[in-house]
Amino acid sequence: HKSKSFREAVGCDKLAKKMRKRLGLKARLEELRILLRECLPFCLYSLVVYFPEEKYRDVFCRLVLEARERKRNEKVEEDRVDILDEGDGDGDSPHSDNDEEFLANCVKVCP
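The residue numbers shown here count from 1 along each chain, following its written sequence. The predicted origin of the model limits local features to residues at a pLDDT of at least 70 and limits the giving and counting of side-chain atom pairs to 80 or more, whereas totals for whole chains, interfaces and linings rest on all residues. Working from all heavy atoms in the structure, the side-chain values ignore hydrogens and water.

Another aspect to go through is the overall build of the protein. Helix and strand counts for the protein stand at 5 helices and 2 strands. Each helix corresponds to a stretch of at least 4 residues labelled H or I by DSSP, and each strand to a stretch of at least 2 residues labelled E; elements are numbered beginning at the N terminus. Shown N-terminal to C-terminal, the secondary structure of the protein runs as helices and strands in the order α-α-α-β-α-α-β. Exposure is judged per residue with a 1.4 Å probe applied to protein chains only, and the accessible area is read against the type maximum: over 50% gives exposed, under 20% gives buried, and values in between give partly exposed. Taking all 111 residues of the protein together, 32% fall into the buried category. Whether two residues are in contact is decided by their heavy atoms, any of which lying within 4.5 Å being enough. Of all intrachain contacts in the protein linking residues separated by at least 6 positions in sequence, the fraction that spans at least 24 positions is 66%. Put simply, the protein shows about 7700 Å² of open surface, and 52% of that area lies on carbon and sulfur atoms. Accessibility throughout is a Shrake-Rupley quantity obtained with a 1.4 Å probe, and a residue counts as covered only by protein chains that appear here.

See the structure below:
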């Protein structure tokens, strides 16, 4: 990504480079999702995001839920490998179980 602060916040150059190649509203909302849900220190704060129109909030909410499903699918695959390797399978995001609460309380449309 062009922003050094985004690269530093994400902590993963591979992800930052991937995001740099994406254009448009959905890509910017995905960056916002990553910062709010996966990056320290932002994910520790109770930040509220206000969108100017409901359609933008809806796109953002869909991205959050899609990311949760991707993580669940990855977790299932990791668990299968861990059973074979006798590992513990930990490593969830701190927010993986409370996405609905986050969306209900922290994602709003401007009044």
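Each reported salt bridge corresponds to a side-chain nitrogen of Lys or Arg within 4 Å of a carboxyl oxygen of Asp or Glu. Across all of its chains, the model carries 11 salt bridges by this definition. The partner of Arg33 in a salt bridge is Glu38, with the nearest N and O atoms 2.8 Å apart. The shortest N-O distance in the salt bridge between Glu54 and Arg57 comes to 3.8 Å. With Glu54 and Arg57 both in helix 4 (residues 54–85) and 3 residues apart, this pair spans about one turn of that helix. You can call Glu54 partly exposed: its relative accessible area is 46%. Residues joined by salt bridges that share partners form a network here, namely Glu30, Arg33, Glu38, Arg70 and Lys71.

Low pLDDT marks stretches whose predicted atomic positions should not be read closely. Note: pLDDT gives the predictor's confidence per residue, expressed from 0 to 100. Looking at the protein as a whole, the pLDDT averages 75, with 63% of positions reaching at least 70. In the predicted structure, residues 87–92 sits below a pLDDT of 50 and forms 7 contacts with residues beyond four places in sequence or in another chain.

Owing to its 3.6 residues per turn, the α-helix brings residues three or four apart onto one side. Where helix 5 (residues 99–106) is concerned, the buried positions are Asp99, Phe102, Leu103 and Cys106. Within helix 5, the buried residues cover an arc of 105 degrees as seen down the axis, which keeps them to one side. Working note: the arc is built from the helix axis to C-beta atom directions.

All right, on to the packing of aromatic side chains then. The aromatic pairing rule takes the rings of Phe, Tyr and Trp, using the six-membered ring of Trp, and pairs them if the centres are within 6.5 Å, calling planes under 30 degrees apart stacked, those over 60 edge-to-face and the rest tilted. Summed over all chains, the structure comprises 2 aromatic pairs. Aromatic side chains Phe51 and Phe60 sit 5.4 Å apart centroid to centroid with 45 degrees between the ring planes, which places their arrangement in the tilted category. With respect to burial, Phe51 and Phe60 carry one shared label: buried. Taken together through their ring pairs, the aromatic side chains of Phe51, Phe60 and Phe102 make up a single cluster. Remark: a charge is flagged as sitting over a ring if the NZ atom of Lys or the CZ atom of Arg is within 6 Å of the ring centre and within 35 degrees of the ring normal. When the ring centre of Phe102 is taken as reference, the NZ or CZ atom of Arg37 above it lies at 4.0 Å.

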